Every structure is written in C-alpha cells, then in structure tokens.
Amino acid sequence: MTEPRPCAVVPVYNHPDSVAGVVGRLVDLGLPVILVDDGSEPSCRRELERLANAGHALVTHQRNRGKGAAVRSGLLEAERLGYSHALQVDADGQHHPDDLPAFIDAMHQTPHRLLVGYARYDDSVPRARLYGRYATHVWVWINTLSRRIRDSMCGVRLYPLAAVNGLLRRHPCGDRMTFDTEVLVRWYWAGGELTNLPVRVHYPEQGVSHFALWRDNAQISAMHARLFVAMWPRLPGLLWRHRRQP
C-alpha cells in the first residue's frame, strides 16, 4: 500500500487572532496546511493572506457559505494537490494540540478509517452547548442503530480523501453546521469504518462562536428528521451490521 500523504484543512471565518497559532501547531506536526477563507472580514482576510504568503495553501470563498461548504472546498483542494488524508481542525484554537498526533499515528495504522474526535470538555464549556450536543448524539445513535459514532460534532477528524470526497459527491451533507454530523452518519451507512479518539476542548472566555442559535438549530433538527426517514430503507442492513459488531 502507498504510504499515506496527509495534510491539514482549516476552515476559517473571522478568527484573525487564533488562526496563526492553530497553523503553527499543525506545522509542528509536519503537516502542510490548507486554509479555507469562508468569506471572512478584512482583518481576518489580511491574516490569511499573510499566512498564504508564508507558503500555506489558501482557498477563498467570496461570501460566507458555511462551515460545511468550507470543509468540502478544503477536502477537494487537498485531493487535487495529491494528498491522501486531511486532518480537519477548527480555527478557533479550542482543541488541545497535544491530542492531534494520535490522529496521525492512527492514520498510519488504519489508513482506510475515518478518525473522529470526541470532545473531553473542561469547566469552560457552556451548559447549553453541552446539552444540545448530547441531543444530537442521541439522534445519531438512533439513525445508525449504533453508538459507534461517539461524538458527531467535534471539529477534529481525519478523512481518507478519495473515499470521503466520493461520498460527498453523492451526498453534499449541508453547507453549514449540519455537515459534521451528516457526513459521519452517511459514512457509517455506506459501510465505512471509523475510530473515535479523545480531544480536550477549552472554550476561551472571549472566544468567538459562529453558531446561529435559531437558524442552525432549525437546520440540525431538519437534518435529523431527514436522516431518520432515510434510515428506514437501510434498517435491515443496519440491524445485520449491529448484530455482527462485537
């Protein structure tokens, strides 16, 4: 088998103060970095252009299209540039860098698997965010008849590019906050294997969140409903897979 050639994909929307630190930690891991500017404001755009001038790849959306659209653009660009795997990392600096090397190690051991981060929160996590995420986890377990996907909303995961881009050509999985969850459910439905890895998460006191409460919750609810309906024709296969899993 050909040796994996990984990179990092960082979707960015208005994180001028944290993105350089995230990029620096990824470079320390030996990863080339692909930045996706999802229609950021001028201050962030200037910072991304500075990083691009320092040698990092940059994909630009002229307007804000959403995290899902940004990740898809980054994964397509990564495959176009000849990489085999992409480590997705959020630009806000919430994820502990010491937990990222485990994803690269696991990639070398099981290059066909999608590696999914599951959040290990400290006391900084907002309670409402924590409870809302748990509701999504329950729906994911229902729609897969499995608890194999431990956390479908963590912003750290490592994708095998050819397989996941093929999946996304068939099912784009949404442009905004629904993407991270739906791509994992559809990966599981397609018979893909995955491994869950812990990632420590800290919410900075002055951190920036782009979660739009009403819009994103409405879209997430609609996504769960669509997946629940789409799950029923797959029910026999999911039950069979559940029985065979240890």
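These numbers come from a predicted model, not from an experiment.

Caption draft 1: Fine view of the pairing of strand S1 (residues 6–12). Within S1, 7 of the 7 residues are buried, which leaves it mostly tucked inside the rest of the structure. The side-chain alternation of S1 yields two buried faces, one formed by Pro6, Ala8, Val10 and Val12 and the other by Cys7, Val9 and Pro11. Where S1 and strand S4 (residues 85–88) come together, 4 bridges link them in parallel fashion. Residue Cys7 lies in a different strand from S4, and its bridge partner there is Ala86.

Caption draft 2: Representation of the state of the cysteines. Following the criterion strictly, the structure yields 0 disulfides and no others. Looking at the unpaired Cys44, the closest cysteine sulfur is the one in Cys7, lying at 19 Å. Cysteine Cys154 is unpaired, with the sulfur of Cys173 as its nearest cysteine sulfur at 17 Å. Here Cys154 falls in the buried class, since its relative accessible area comes to 2%.

Caption draft 3: Geometry of the pairing of strand S5 (residues 114–121). Here S5 lies mainly inside the structure; 6 of its 8 residues are buried. Across 8 bridges, S5 lies against strand S7 (residues 194–201) in parallel orientation. Paired with Leu115 across the two strands is Thr195, which belongs to S7. With 2 bridges connecting them, S5 and strand S6 (residues 157–160) associate as antiparallel partners. Of the residues in S6, the one forming a bridge with Leu115 is Leu158.

Caption draft 4: Here's a closer look at the packing of aromatic side chains. Under the counting rule described, the total for this entry stands at 2 aromatic pairs. Through successive ring pairs, a cluster of aromatic residues spans Trp139, Phe228 and Trp232. Sitting above the plane of the Tyr118 ring, Arg150 keeps its charged end 3.8 Å from the centroid. When the ring centre of Tyr188 is taken as origin, the NZ or CZ atom of Arg241, which lies over that ring, is 3.8 Å away.

Procedures and definitions
- The numbering scheme is per chain: residues are counted from 1 as the chain's sequence reads.
- Local features are withheld for residues below a pLDDT of 70 in this predicted model, meaning they are given only at 70 or higher, and side-chain atom pairs are given and counted only at 80 or more; totals for whole chains, interfaces and linings count all residues.
- By convention in this description, side-chain values take in all heavy atoms of the structure and omit both hydrogens and water.
- For every residue, the accessible area obtained with a 1.4 Å probe (protein chains only) is divided by the maximum for its type, and the residue is called buried under 20%, exposed over 50%, and partly exposed between those limits.
- Secondary structure elements follow DSSP: runs of H or I no shorter than four residues count as helices, runs of E no shorter than two count as strands, and numbering proceeds from the N terminus.
- Here a strand pair is declared whenever DSSP counts at least two bridges between the two strands.
- Criterion for a disulfide: a pair of cysteine sulfur atoms within 2.5 Å.
- What counts as a ring pair is set by centres within 6.5 Å for rings of Phe, Tyr and Trp (its six-membered ring), and what kind of pair is set by the plane angle: stacked under 30 degrees, edge-to-face over 60, tilted for all other angles.
- Definition used: whenever NZ (Lys) or CZ (Arg) falls within 6 Å of the ring centre and also within 35 degrees of the ring normal, the charge is taken to sit over that ring.

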